Amino acid sequence: MKNFSASHFCEVYPAHGAGSLCGRAMAAKRSSTIGYERLYNHALNIDEKAEFISSLTNEMPPAPDHFKRCSKVNATGPVLLSQLGYAEALPPLEFKKMSEDTENIVLDTRCYEAFGGRHVPGAYSIDITSNFATFSGWLLPENKTIMLVVYSPEQVSKVSMWLHRVGLDRIGYFLEGGMAAWSLTGLSTQHVCQLSAEELHDLLSSGEELVLIDVRSEAEYREGHIQNSVNVPVHELRNSYKDLGPYTKTVVICGSGQRSRMGASILQQNGFSDVYNVAGGMTGYSAAG
């Protein structure tokens, strides 16, 4: 049995979230110990200095937008939570009117199945149960007031907390009664059809004209992808949509259906009318054989 010193049991609390993009191949652990890292951390088991440096500095993941913003916040100090106030509940008609103001954006935090069924036109879609803070900080413009669509009013405080943590403090309103109230008021909605792995396979086999966009990272795409798909990481869609045809049937895929749903919402905001999301993503597609 190995003779562990006291340092082996020393707790380590990284200054980033679990699975963060702060570095290459970050583990999805919120804390660790020096002993655990010495035994299982791949980088710490590399003997050659040059190889060690290369493993940590090559193929670094792209830095989300909020990294620079949060560095500034950390340097100057954040606004006190007591000064930020709380999101105001708005009934559907008032919410709709406010959503049409170009100074506001709508953020739908429900799962991709619910978003696909019906959502406020032009809304961003980022599921609160996904890597919510990272992608909110990455995709949402910091100079807009955020209007929330949530399952219940109780979720507003949790959503707001994660948005504050990535420097998004302008949280103004939430939809009172959720999408049920929106629909009962007779307001229009948008939809994103969810394709199963089998439906995607049949569609690709049919020869029908379409564009299949894979919104995973370049590294994930290199590991395996569907033939003739186009790799556009989801954060790049904010600008790269201009290189795509808004009137062509567009199918979006990722690893699970989460990032592809985010991408589909961005495409809809920019005039894409025939957009589909692959439920289960590449994981489901591979499992289906």
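These numbers come from a predicted model, not from an experiment. (Residues numbered from 1 in each chain as written. Predicted model: local features only at pLDDT ≥ 70, side-chain atom pairs only at ≥ 80, totals over all residues. Heavy atoms only, no water.)

J.: Looking at this model, I keep getting lost on the pairing of strand E9 (residues 211-214). Mind explaining?
T.: Remark: a regular strand shows side chains that alternate across the two faces of the sheet. By the bridge criterion, four bridges tie E9 to strand E11 (residues 250-253) in an arrangement that is parallel. Considered in E11, the bridge of Leu 212 is made with Val 251. By the bridge criterion, two bridges tie E9 to strand E10 (residues 230-231) in an arrangement that is parallel. For Asp 214, the partnering residue across the bridge sits in E10 and is Asn 231. Handedness of the crossover joining E9 and E10 through helix H10 (residues 218-223): right-handed. (Pairing = 2+ DSSP bridges. Helix = DSSP H or I, 4+ residues; strand = E, 2+ residues; numbered from the N terminus. Right-handed = clockwise from strand over helix to strand, strands pointing away.)

J.: Please explain the sheet that holds strand E6 (residues 145-149) as it appears in this structure.
T.: As a general point, the strands of a sheet are linked pairwise by backbone hydrogen bonds and lie either parallel or antiparallel. One open sheet accounts for five strands, arranged E3-E7-E6-E4-E5; its pairing is parallel. Each of the sheet's edge strands pairs with one partner strand only, and the pair in question is strand E3 (88-90) and strand E5 (124-125). Summarising the sheet, E3 and strand E7 (residues 171-175) pair through three bridges and their orientation is parallel. In the strand pairing of E7, Leu 90 is matched with Leu 175.

J.: Can you walk me through the environment of Thr 145 in this structure?
T.: Assignment of secondary structure puts Thr 145 in strand E6. Along the backbone, Thr 145 and Leu 90 are 55 residues apart, and their C-alpha atoms lie at a distance of 14 Å. Discounting chain neighbours no more than four positions away, the residues touching Thr 145 are Glu 103, Asn 104, Ile 105, Arg 170, Gly 172 and Tyr 173. (Contact = heavy atoms within 4.5 Å.)

J.: Got a minute to help me understand the packing of aromatic side chains in this structure?
T.: Between two aromatic rings, the relevant description is the distance of the centres plus the angle of the planes. As enumerated under the stated definition, the model contains three aromatic pairs in all. Ring centres of Tyr 36 and Tyr 40 lie 4.9 Å apart, and the angle between their planes is 45°; on these two criteria the pair is classed as tilted. Pair noted here: Tyr 36 and Tyr 40 are both in helix H1 (residues 34-40), with a separation of four residues, about one helical turn. For Tyr 36, a relative accessible area of 37% puts it in the partly exposed group. Residue Tyr 40 is classed as exposed on the basis of its relative accessible area, which comes to 58%. Between Phe 135 and Trp 138, the ring centres sit 5.9 Å apart and the planes meet at 15°, which makes this aromatic pair stacked. (Phe/Tyr/Trp six-rings, centres within 6.5 Å; stacked < 30°, edge-to-face > 60°. Buried < 20%, exposed > 50% of the residue type's maximum accessible area, 1.4 Å probe, protein only.)

J.: Help me understand the nonpolar core in this model?
T.: Most often, soluble globular proteins have nonpolar side chains that are buried together. With 51 residues, the main nonpolar core has Phe 95, Leu 107, Leu 140, Leu 148, Leu 163 and Leu 267 as its most contacted residues. Within the residue set of this core, elements represented by two or more residues are strand E4 (104-108), helix H6 (132-139), E6, helix H7 (155-165), E7, helix H8 (178-184) and helix H12 (258-269). Take this core: its biggest share by element is five residues, from H6. Every residue in contact with Phe 95, bar those within four places of it in the chain, is listed here: Leu 90, Val 106, Val 120, Met 147, Leu 148, Val 149, Phe 174, Leu 175 and Trp 182. Judged by nonpolar contacts, the second largest core, of 13 residues, contains Ala 197, Ile 226, Val 251 and Tyr 276. (Core = buried A, V, L, I, M, F, W, Y, C linked by side-chain atoms within 4.5 Å.)

J.: Mind showing me how you'd approach the packing of H6 against H7 here?
T.: Two measures define how a pair of helices packs: the angle their axes make with one another and the distance between the axes. For the pair H6 and H7, the least separation of the axes is 9 Å and the interaxial angle reads 60°. Between H6 and H7, the interaxial angle falls into the category oblique. Crossing handedness for the pair H6 and H7: right-handed. Contact residues: Phe 132, Ala 133 and Ser 136 in H6; Val 159, Trp 162 and Leu 163 in H7. Residues of the contact of H6 with H7, tallied by class, amount to five nonpolar, one polar and no charged. (Axes fitted to C-alpha atoms, helices over the stretch in contact; angles between N-to-C directions. Parallel < 35°, antiparallel > 145°, perpendicular 65-115°, else oblique. Left-handed = near helix turned anticlockwise from the far one by under 90°. Nonpolar A, V, L, I, M, F, W, Y, C, P; charged D, E, K, R; others polar.)

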